[in-house]
Amino acid sequence: MSLRQAVERALQQNPEIAMARLDELKAQQAVRVRKDPFTPHVFLGSGLAYTNGFPMSIDGAAPSVVQGRVAESLFNRQQSYAVAQSKEEARGAGIAASAKKDEVAYRTAVLFVDAERAARAGQMTRQEVESSQKVLATVENRVQEGRELPLESKRAALSVARARQIADSLDADRETAETSLAILLGYGADDRVQPAAEERATPSLPASEEAAVESALQSSGELRRLESQIAAKGLEGR
């Protein structure tokens, strides 16, 4: 996959984002439930019934063929605060869902770059192993011809073993990164996602350190979520 494809897949299939969306939907439904008393409710029925004597309904009025009633709360301060709290919690859930998307996208990019870097380093190390093996073969021939000391052959063999160890370690790092990336994208633990070779443009950097801090504070979903939680707590218990 390319980096763009990996991020798009993560935003669609990552289970953490799905859970955040469900929490957001749950908070939105809570707003509807708490707003229910302020919504007109119409009840239709019949007042017809059998009586022995003068016909009366249960409420003491004369019976009717069809009855209609409307119930609605016009003023309820405590319930109004509860509705406002639910709206703030729903806003916070929406901010949390958006922040979770940003977090998953960032983690996807980090794992993608780690896997890509490990693959490139592993490829270079394997080439170094091949070169060291050629050097070892040359040194061994020179030792047999009596033009090199046997110690040089041992040094060359040690270089080959060291290069192989580094290559094996990088292969393990690449496998771990590719497996972790697959899980983050919603695949199974036995799957691996390999980064595709591509050219990517270098992103532009902020003009200064102060501009970077200001941009981070303005775009931080975590800060906005905390502000929403504080506002919701302030409405609780009123």
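Computed from a predicted model, the values in this text were never measured in an experiment. (Residues numbered from 1 in each chain as written. Predicted model: local features only at pLDDT ≥ 70, side-chain atom pairs only at ≥ 80, totals over all residues. Heavy atoms only, no water.)

Some details on the confidence of the model for the chain
- With 67% of its residues at a pLDDT of 70 or more, the chain has an overall mean of 76.
- Per-element averaging of pLDDT across the chain places strand 1 (residues 41-45) at the bottom with 53 and helix 4 (residues 150-184) at the top with 89. (pLDDT = per-residue confidence, 0-100. Helix = DSSP H or I, 4+ residues; strand = E, 2+ residues; numbered from the N terminus.)

So, the pattern of salt bridges
- Taken as a whole, this structure holds 12 salt bridges when the rule is applied.
- Of the charged contacts in the structure, one is a salt bridge between Glu-116 and Arg-120, with a shortest N-O distance of 3.7 Å. On the criterion of helical spacing, the pair formed by Glu-116 and Arg-120 is a turn pair, its members being 4 residues apart in helix 3 (residues 77-144).
- For Asp-168, the salt bridge is made with Arg-126, and the minimal N-O distance between the two is 2.9 Å. Here Asp-168, found in helix 4, pairs with Arg-126, found in helix 3; they are 42 residues apart in sequence, far enough to count as distant.
- Take Asp-168: its relative accessible area is 45%, and that puts it in the partly exposed class. (Salt bridge = Lys/Arg side-chain N within 4 Å of Asp/Glu carboxyl O. Buried < 20%, exposed > 50% of the residue type's maximum accessible area, 1.4 Å probe, protein only.)

Focus: helix 4
- Under the 1.5 Å per step criterion, the end-to-end length of helix 4 is 52 Å for 35 residues, consistent within 8% with the ideal 51 Å.
- Within helix 4, the full set of buried residues consists of Ser-153, Ala-156, Val-160, Ala-163, Ala-167, Leu-170, Ala-177, Glu-178, Thr-179, Leu-181, Ala-182 and Leu-184.
- One or two steps after helix 4, the chain reaches Gly-186, where phi turns positive at roughly 95°. (Expected span 1.5 Å × (residues − 1).)

A short note on the side chain of Ser-2
- Within the secondary structure, Ser-2 is located in the segment before helix 1 (3-13).
- The contact partners of Ser-2, leaving out residues within four places of it in the chain, are Phe-112, Ala-196 and Glu-198. (Contact = heavy atoms within 4.5 Å.)

A look at a nonpolar patch on the surface
- On the surface, Met-19, Leu-22 and Leu-25 cluster together to form a nonpolar patch covering roughly 300 Å² of accessible area.
- As for its position among the elements, Leu-25 is in helix 2 (residues 15-35).
- With relative accessibility at 43%, the residue Leu-25 sits in the partly exposed group. (Patch = residues over 30% accessible without salt bridge, like charges linked within 9 Å, V, L, I, M, F, W, Y side chains within 5 Å. Areas by Shrake-Rupley, 256 points an atom, 1.4 Å probe, with all protein chains shown as cover.)

Re the packing of aromatic side chains
- Across all of its chains, the model carries 0 aromatic pairs by this definition.
- One Lys or Arg, Arg-9, reaches over the ring of Tyr-187 and ends 4.0 Å from the middle of that ring. (Phe/Tyr/Trp six-rings, centres within 6.5 Å; stacked < 30°, edge-to-face > 60°. Lys NZ or Arg CZ within 6 Å of the ring centre and 35° of its normal.)

A few points about the nonpolar core
- By size, the foremost hydrophobic cluster in this structure holds 11 residues: Leu-3, Ala-6, Ala-10, Ile-17, Val-104, Phe-112, Leu-181, Ala-182, Leu-184, Leu-185 and Val-193.
- Setting aside residues no more than four positions away along its own chain, Leu-184 makes contact with Ala-10, Asn-14, Val-104, Arg-107, Thr-108 and Leu-111. (Core = buried A, V, L, I, M, F, W, Y, C linked by side-chain atoms within 4.5 Å.)

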